[in-house]
Amino acid sequence: MDAMISLAGKRILLTQAQDFMGPTLVPLLTKFGAAVVTDDRPLIDPDLPAQLVRDAGRVDVLIAHLGAPAPSTPAHEVGEDEWRLMFSAMVDPLPRLARAVLPQMIERRSGKILVMGSASALRGMKRASAYSAARGAQLAWAQAVGIEMAPHQVQVNAIAQNLVDNVTYFPPEVQANPRFKERIRWEMPLGRLVSAQEDSMFAAYLCSDAANCFVGQVFPVCGGWVPR
């Protein structure tokens, strides 16, 4: 895939860069020639998305890289605070980012938004109703906005990943747990997590001009697991 990816001359804005896939995405995008503008803060503040875009200037690609620790709460015990936290961290920033960055992309008739999401939205998962609902809203947003922006030559897509090696959801202590290792054996045909490098390579490809034909798509990255 390396030969297909060139990000030379592209200015990429990556949010929450220290979390989730950020530690792998930043050096990889840079390797392919991108100028990567990063911010580490969760976008809870309603004014922060516009500030980030304003400070970045020209944005050729926005990677909406939004995450929050996944609670493990039975559905009948999910409270207002938990539900609101999931949506304020992972869903509410999306339209704010869109208002800030899409006008310049529409004017240039070029640009991309890639939502780094989760496949938890594509399957039933116990004790994850608030988290899965927020992740599902991300994917629905990318599909709808992707179709709307396509005539403007702006591509909006999403990656829905599951069981991908990253520091936020699968830190070393989780991966060392025997129960987790057993889960990997029966759930993953590969017999391992998808590597952060593999996932980030696919993200880099979707940021490149080689992927201009994809609009409003949700791409599962699940290491052989097929969403139902």
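Residues numbered from 1 in each chain as written. Predicted model: local features only at pLDDT ≥ 70, side-chain atom pairs only at ≥ 80, totals over all residues. Heavy atoms only, no water.

Turning next to the overall build of the protein. A tally of helices and strands in the protein yields eight helices and six strands. When the elements of the protein are put in sequence order from the N terminus, they spell out β-α-β-α-β-α-α-β-α-β-α-α-α-β. Rg of the C-alpha trace for the protein: 17 Å, near the compact-globule value of 17 Å for 228 residues, within the 12% margin. Judged by the C-alpha coordinates and their principal axes, the protein covers about 50 × 45 × 30 Å. When the 228 residues of the protein are sorted by exposure, 51% land in the buried category. (Helix = DSSP H or I, 4+ residues; strand = E, 2+ residues; numbered from the N terminus. Rg over C-alpha atoms; globule rule 2.2 N^0.38 Å. Buried < 20%, exposed > 50% of the residue type's maximum accessible area, 1.4 Å probe, protein only.)

When a strand is regular, its side chains alternate between the sheet's two faces. With respect to burial, strand 4 (residues 111-118) is a largely interior element, eight of its eight residues being buried. Residues Gly111, Ile113, Val115 and Gly117 of strand 4 are buried on one face, and the alternating residues Lys112, Leu114, Met116 and Ser118, pointing to the opposite face, are buried as well. Relative to strand 4, strand 3 (residues 61-64) runs parallel, the two sharing four bridges. Residue Ile63 lies in a different strand from strand 4, and its bridge partner there is Leu114. Relative to strand 5 (residues 154-161), strand 4 runs parallel, the two being bridged by eight bridges. For Gly111, the partnering residue across the bridge sits in strand 5 and is Val154. (Pairing = 2+ DSSP bridges.)

Close reading of the predicted structure is inappropriate where its pLDDT is low. Counting all residues, the mean pLDDT for the protein is 94, and 96% of those residues have values of 70 or more. Mean pLDDT values over the elements of the protein span from 88, in helix 7 (residues 178-187), up to 99, in strand 3. (pLDDT = per-residue confidence, 0-100.)

Strand order in the open sheet formed by six strands is 2-1-3-4-5-6, with parallel pairing between adjacent strands. Strands with a single pairing partner mark the edges of an open sheet, and in this sheet they are strand 2 (35-38) and strand 6 (218-221). When the angles between neighbouring strand axes are averaged without regard to direction, this sheet yields 20°. In the sheet, strand 1 (residues 11-14) pairs with strand 3 via three bridges, with the strands oriented parallel. (Axes fitted to C-alpha atoms, helices over the stretch in contact; angles between N-to-C directions.)

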